[in-house]
Each structure stands twice: as C-alpha cells, then as structure tokens.
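Examination of the molecular architecture
The primary structure of each chain is shown beneath.
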Amino acid sequence: QVQLVESGGGLVQAGGSLRLSCAASGRTFSNYAMGWFRQAPGKAREFVAAISWSNGNIYYADSVKGRFTISGDYAKNTLYLQMNSLKPEDTAVYYCASRSVGSIVVVTSGYDYWGQGTQVTVSS
C-alpha cells in the first residue's frame, strides 16, 4: 500500500501564505495521480487540486484557482500545495490523496490512499 503524510499546516492571517507537503512511501509506483482535498467542520470533503504524474495535467477547484499551486517532485514522491492569498473560508483540514489511474477526478471515491490531514486555519 501507499502511506501519505501531510505537513505544513498552521495558523495564518487572511492574505497570508502556507505551503503544504505530502510525503508518500510504500508502493509509490502506484501513484499515477495525486490530489489535495479539504474538509471544514460540518462540511463535506471537497476537491482542491490534483496533478497527474503520467501526463502532467493539473486541475484546480474554482474556489482556489489563481491562488493555489499544486506541484510535485516525482523522484522524491512528494506533493506540494502552495497556498497564497488565503481567505477565512480556506480554513479546513487538508488531505493528500493518491490514485492508481492517471486521469484526474474530483470525487473522493476516485482515490485509493489518504493521509491523516493537516489543519489550516485562516483568521480574518
């Protein structure tokens, strides 16, 4: 299986930035695509961004487009999410996920492995 560990969350004021990291281990060759999701209290887990290792395609949720940047180091099996111009509504637990198919999907059921999550809190 694949193990995913997120880091980089924290408390930041509105307009600030954070960079999240996701370190993958185990059978990382199964990671054809990876993505970030987030879940706020009382809300469903929602898609944030994803990247396909196989073709380089990237997709962002409209709510973060232009503010967040997903990237990764395939050789190091590490995924990143650079978050700029943060808003209070970005407050959530952010999860890293991996998928064993190279196409990008935006539903949680499309991903096979998940990290434990890292808390991001944006104050106003």
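Residues numbered from 1 in each chain as written. Predicted model: local features only at pLDDT ≥ 70, side-chain atom pairs only at ≥ 80, totals over all residues. Heavy atoms only, no water.

Let us now look at the state of the cysteines. For the structure shown, the criterion picks out one disulfide. The partner cysteine of Cys 22 in its disulfide is Cys 96, sulfur to sulfur 2.1 Å. One quick way to see it: the torsion about the S-S bond of Cys 22 and Cys 96 is about -75°, and its sign makes the bridge left-handed. Here Cys 22 is found in strand 3 (residues 18-26), whereas its partner Cys 96 is found in strand 9 (residues 92-99), with 74 residues between them in sequence. Residue Cys 22 is classed as buried on the basis of its relative accessible area of 0%. (Disulfide = S-S within 2.5 Å. Helix = DSSP H or I, 4+ residues; strand = E, 2+ residues; numbered from the N terminus. Buried < 20%, exposed > 50% of the residue type's maximum accessible area, 1.4 Å probe, protein only.)

Core analysis: the largest hydrophobic core is formed by 32 residues, its most contacted members being Trp 36, Leu 79, Leu 81, Met 83 and Tyr 94. At the level of secondary structure, the elements contributing two or more residues to this core comprise strand 1 (2-7), strand 3, strand 4 (33-39), strand 5 (46-52), strand 7 (68-73), strand 8 (78-83), strand 9 and strand 11 (118-123). A per-element tally of this core places strand 5 first, with five residues. Not counting the four nearest positions on each side in its chain, Tyr 94 is found in contact with Glu 6, Leu 20, Trp 36, Phe 37, Arg 38, Val 48, Phe 68, Leu 81, Met 83, Gly 117, Thr 118 and Val 120. (Core = buried A, V, L, I, M, F, W, Y, C linked by side-chain atoms within 4.5 Å. Contact = heavy atoms within 4.5 Å.)

What is shown is where atoms sit, not what they do.
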